[in-house]
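# Per-entry structural report
Okay, here's what each chain looks like letter by letter:
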Amino acid sequence: MAETPANPTNGLVDLALMREASEQIGKRQSGGRPPVFVDNTFLGPVFQRPLRHGADLVMYSLTKYVGGHSDLVAGGVVGIRSVVEPIKKLRGALGTQLDPHTAWMIMRSMETLSLRMHKAAQNAAAVAQFLRGHPKIAHVNYLGFLPPDDPCRAVFERQCDSAGSTFGFRVKGGEAEAFLMLYALLVIKLAVSLGGTESFISHPASTTHSGLPKPTRDRIGITDALIRLSVGIEDADDLIADLREALDAI
Ligand SMILES: Cc1ncc(COP(=O)(O)O)c(C=O)c1O
């Protein structure tokens, strides 16, 4: 099971390599190979197709890009029949089907999924570029900035069709500096969700990832200075102006 790109670090996992590892394990044990599961929430079905890279099952938080309007909570899986069938049966037994209204909202959202994801990705490229050049920013983990000699670059080019629109950046300093900036934003909303039409920003160390011990967070790059930004489909210039003014607060 891999979440790639991973939240909030944008770490990548090589899906072809995972499949190869699964095949190798399968050869050494009876009972078949372990299935390859991938959480594709970050790039969505528009920008990454894990089934083409050897995955057996792909999971989505439909709450995020697929729903796309921050008005529903849902999840979905797609994959090979032998893996999906037992999940469908268990869902039937437990009764966790979506209600009809939410299912209808997802169908409606899917009509604009590609448009929304492309526009958000275009905005994200401009916003990431602005942040990278800002003197108060230490690092931007936008996938488009992976250096050519980074082994993840080859993985990115092989399996991702875009850098997407959710990424993290570190301000110079720590939690205090991060909070000063976050509370000064006027357009970008301070919220832990992602993938909506509106831009969301969050501080993973004190919210989504606060359950991890600090040494672990620091080791995997979720430092107190890390801010996660999910870029929406607003005017990119408005987002950049908002970030510029908020950074002045530090
Ligand atoms: C990559 C990823 N997968 C799954 C989830 C869970 O999503 P949900 O809110 O729909 O339970 C999240 C939530 O942040 C996520 O970022």
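In this report, we go over the structure that sits alongside the text. Given the structure is predicted, the values throughout are model-derived calculations rather than measurements.

On to the overall build of the protein, then. What the protein contains, in helices and strands, is 9 helices and 9 strands. Relative to the globule expectation of 18 Å for 250 residues, the C-alpha radius of gyration of the protein, 19 Å, shows essentially globular dimensions. Considering only C-alpha atoms, the protein reaches an extent of 60 × 45 × 30 Å along its principal axes. Burial analysis of the protein (250 residues in total) assigns 46% to the buried set. Within the protein, contacts between residues at least 6 apart in sequence are counted, and of these 65% link residues at least 24 apart. For the protein, the exposed area adds up to about 12200 Å²; of that, 58% sits on carbon and sulfur atoms. Computing the positive centroid from 26 side-chain charges and the negative centroid from 26, the protein places the two 7 Å apart.

Moving on to the pattern of salt bridges. Evaluated as defined, the whole model comprises 12 salt bridges. Measuring nitrogen to oxygen at the nearest pair gives 2.7 Å for the salt bridge that ties Arg19 to Glu23. Of this pair, Arg19 and Glu23 both sit in helix α1 (residues 15-28), separated by 4 residues, roughly a single helical turn. With a relative accessible area of 30%, Glu23 lands in the partly exposed category. Residue Glu23 pairs with Arg33 through a salt bridge whose shortest N-O separation is 4.0 Å.

A complete count under the given rule lists 3 aromatic pairs for this structure. Seen in terms of ring centroids, Tyr142 and Phe167 are 5.5 Å apart; in terms of plane orientation they differ by 75°. Their pairing is edge-to-face. Of this pair, Tyr142 sits in the loop between β5 (137-140) and α6 (151-159) while Phe167 is found in strand β6 (residues 166-171), placing the two residues 25 residues apart along the sequence. Among the aromatic residues, those joined into a ring-pair cluster are Tyr142, Phe145 and Phe167. Above the ring of Phe145, the side-chain terminus of Arg132 is found at 3.7 Å from the ring centroid.

Taken together, Glu3, Asn7, Asp39, Thr41, Ser61, Thr63, Lys64, Ala74 and Leu194 make up the full set of residues adjacent to the ligand. Here a nitrogen atom of the ligand sits 2.6 Å away from a polar atom, N or O, in the side chain of Asp39. Thr63 is positioned with one of its side-chain polar atoms (N or O) 2.5 Å from an oxygen atom of the ligand. Protein chains shield 65% of the accessible area of the ligand, which is 400 Å² for the free molecule. Of the residues assigned to the shell around the ligand, the class counts are 2 nonpolar, 4 polar and 3 charged.

This paragraph deals with the environment of His53. Among the structural elements, His53 can be located in the loop between α2 (44-47) and β3 (57-61). Residues His53 and Arg19, spaced 34 residues apart in sequence, show a C-alpha to C-alpha distance of 7.9 Å.

Its 12 residues place the ends of helix α9 (residues 236-247) 16 Å apart at the C-alpha level, agreeing with the 16 Å of an ideal helix rising 1.5 Å per residue. Those residues of α9 that fall on the buried side of the exposure criterion are Ala236, Leu239, Ile240, Asp242, Leu243, Ala246 and Leu247. What you see down the axis of α9 is that its buried residues fit within an arc of 160°, all on one side. Within α9, the exposed residues directed more than 90 degrees away from the buried face are Asp237 and Glu245.

Definitions and limits used
Per-chain numbering applies: the sequence of each chain, read as written, is numbered from 1 onward. Only residues with pLDDT of at least 70 get local features here, since the model is predicted, and only at 80 or more are side-chain atom pairs given and counted; chain-wide, interface and lining totals rely on the full set of residues. The side-chain numbers reported here are obtained from all heavy atoms of the structure, hydrogens and water having been left aside. Strands here are runs of E lasting at least two residues and helices are runs of H or I lasting at least four, both read from the DSSP assignment and numbered beginning at the N terminus. Values of the radius of gyration come from C-alpha atoms, whereas the globule rule sets the reference at 2.2 Å times the count of residues to the power 0.38. Here's how the labels work: a residue is buried when its accessible area is under 20% of the maximum for its type, exposed when over 50%, partly exposed in between, all with a 1.4 Å probe on protein chains only. Contacts: residue pairs with any heavy atoms within 4.5 Å of one another. Using the Shrake-Rupley algorithm and a 1.4 Å probe, accessible areas are obtained, with residue cover drawn only from the displayed protein chains. Positive residues here are Lys and Arg, negative ones are Asp and Glu, while His and the chain termini are left out of the count. One atom stands in for each charge, and that atom is NZ of Lys, CZ of Arg, CG of Asp or CD of Glu. We define a salt bridge as a side-chain nitrogen of Lys or Arg found within 4 Å of a carboxyl oxygen belonging to Asp or Glu. Stacked, tilted and edge-to-face are the three classes assigned to paired rings of Phe, Tyr and Trp, where Trp is represented by its six-membered ring and a pair needs centres within 6.5 Å; plane angles under 30 degrees give stacked, over 60 edge-to-face, the rest tilted. Here, over-ring charges are defined by two tests on the NZ atom of lysine or the CZ atom of arginine: distance to the ring centre within 6 Å, and angle to the ring normal within 35 degrees. Whether a residue is near a molecule or strand is decided by its heavy atoms; if any one of them lies within 4 Å of it, the residue is near. Think of a polar contact as two N or O atoms within 3.5 Å of one another; within protein, one of them needs to be a possible hydrogen donor and the other a possible acceptor, and neighboring residues in sequence only count if both atoms come from side chains. Classification convention: Asp, Glu, Lys, Arg as charged; Ala, Val, Leu, Ile, Met, Phe, Trp, Tyr, Cys, Pro as nonpolar; all other residues, Gly among them, as polar. One fewer than the residue count of a helix, multiplied by 1.5 Å, yields its expected span. The arc in question is traced by the directions running from the helix axis to the C-beta atoms.

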